[in-house]
Amino acid sequence: MNRPKYQVALSFAGEERDYVEEVARHLRARSIPVFYDGFEKVELWGQSGVEAFHEAFARASARVVMFISAAYVSKAWPKHERRSALSRMIQEQGKYVLPVRFDESDVPGLPTDILYLSARDYTPKQLAVMIANELGVRAYAGKASHVPPPRMTSPTGEVVFDYSGHDGRYIIGSGTIEFETMWTKASDTSIHLYNDPPSINGIALAHGCESISQVKGAESLDYTSRTRTPSLGQVAVLRNTEGFYAAVHVLGIKDVKRRDDRDELRFRYAIQADGSDSFAEFVDL
């Protein structure tokens, strides 16, 4: 029998996407091949959804984690995924579907004696560990640094995080407007920014700009260096591999080597989701 493409597929309703996406990211950080539709947008584009999802849940995965809720039971696409998974479970005559419940909704076709986990009892990271254990993937098989960095998915926001952890990484945005920022210590008045993450095409300093709204021609900036070092109050610009721009305004830096209580970076950011290179309409707080 051919080895499945995925070790696990995640079947869920959209109402539970935030929780399930975190589970998926933690699984991927452990190098576990996981079918999560958010990771497959390009591959699924233009395919028959009925055929592609049946393949994922009936043939291409070694296990299916079924996230059960009232929405999961009632909606059309989860119903299609569920039927595909249950048909495979009957053929396997063994452990294939791993139920995780958000509520006590009855699932047509799922045997009532199958034991389940409750999402209320586990964080997404804890559940990912449970899934990894079920798949036989050791907890420390991957590098400790290979964990999902903290993230903020909105196109604008203000971030405060410890840049000494997660290899200095923090993700802003999502999908085609995702930017994985990467920082390291410089001083208590400046910080190094890198274009190393795979989602980043280039980084630049917006010289003379003291606020994000003053950046009006991001395309013309100099993106030719691997590293830039913005100082407090300066604005840096990132261009991702999809051609979108994000502006980052450095608001605060703490450095334990200079008697601060922790390493901490605070920055405000804005992403131009329409593809523009001008941030003139951004409202600086």
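Residues numbered from 1 in each chain as written. Predicted model: local features only at pLDDT ≥ 70, side-chain atom pairs only at ≥ 80, totals over all residues. Heavy atoms only, no water.

In this section: the pattern of salt bridges. Considering all chains together, one arrives at 23 salt bridges under this definition. Salt-bridge contacts for D261 lead to K254; the nearest nitrogen and oxygen are separated by 4.0 Å. When its relative accessible area of 28% is taken as the criterion, K254 is described as partly exposed. For E264, the salt bridge identified is with R262, shortest N-O distance 2.7 Å. Exposure remark for R262: the relative accessible area of 33% places this residue in the partly exposed category. Connected through salt bridges with shared partners, the residues K185, D188, D255, R258 and D263 form a single ionic network. (Salt bridge = Lys/Arg side-chain N within 4 Å of Asp/Glu carboxyl O. Buried < 20%, exposed > 50% of the residue type's maximum accessible area, 1.4 Å probe, protein only.)

Take the packing of aromatic side chains next. What the rule picks out here adds up to 16 aromatic pairs. Aromatic side chains Y6 and F35 sit 5.3 Å apart centroid to centroid with 70° between the ring planes, which places their arrangement in the edge-to-face category. Placement of Y6 in the segment before β1 (8-11) and of F35 in strand β2 (residues 34-35) is noted, with a sequence separation of 29 residues between them. Like F35, Y6 is buried. Ring geometry for F67 against F102: centres 6.3 Å apart, planes inclined by 40°, an arrangement best described as tilted. Highlighted residues: F67 in strand β3 (residues 64-68) and F102 in the loop between β4 (97-101) and β5 (117-118), separated in sequence by 35 residues. (Phe/Tyr/Trp six-rings, centres within 6.5 Å; stacked < 30°, edge-to-face > 60°. Helix = DSSP H or I, 4+ residues; strand = E, 2+ residues; numbered from the N terminus.)

The next point concerns the sheet that holds strand β14 (residues 245-254). Reading across from one edge, β7-β15-β14-β13-β11 is the order of the five strands in this open sheet, with antiparallel pairing throughout. The strands lining the two open edges of the sheet, one partner per strand, are β7 (156-161) and β11 (200-205). Strand after strand, the sheet turns through a mean of 25° between neighbouring axes, direction not considered. Pairing geometry for strand β13 (residues 235-240) and β14, over five bridges, is antiparallel. Paired with R239 across the strands is Y245, a residue of β14. (Pairing = 2+ DSSP bridges. Axes fitted to C-alpha atoms, helices over the stretch in contact; angles between N-to-C directions.)

Attention now moves to the sheet that holds β5. The parallel open sheet is built from five strands, whose spatial order is β2-β1-β3-β4-β5. The strands lining the two open edges of the sheet, one partner per strand, are β2 and β5. Seen against the sheet, helix α1 (residues 17-29) touches β1, β2 and β3 and runs at an angle of roughly 170° to β1. The strands that helix α3 (residues 49-58) touches are β1, β2 and β3; relative to β1, the one it contacts most, it runs at about 125°. (Contact = heavy atoms within 4.5 Å.)

Attention now goes to the side chain of E264. The residue E264 is located in strand β15 (residues 264-271) in this model. On the basis of relative accessibility, which here comes to 16%, the residue E264 falls in the buried class. The residues contacting E264, other than those within four sequence positions of it, are V160, F161, Y163, G252, I253 and K254.

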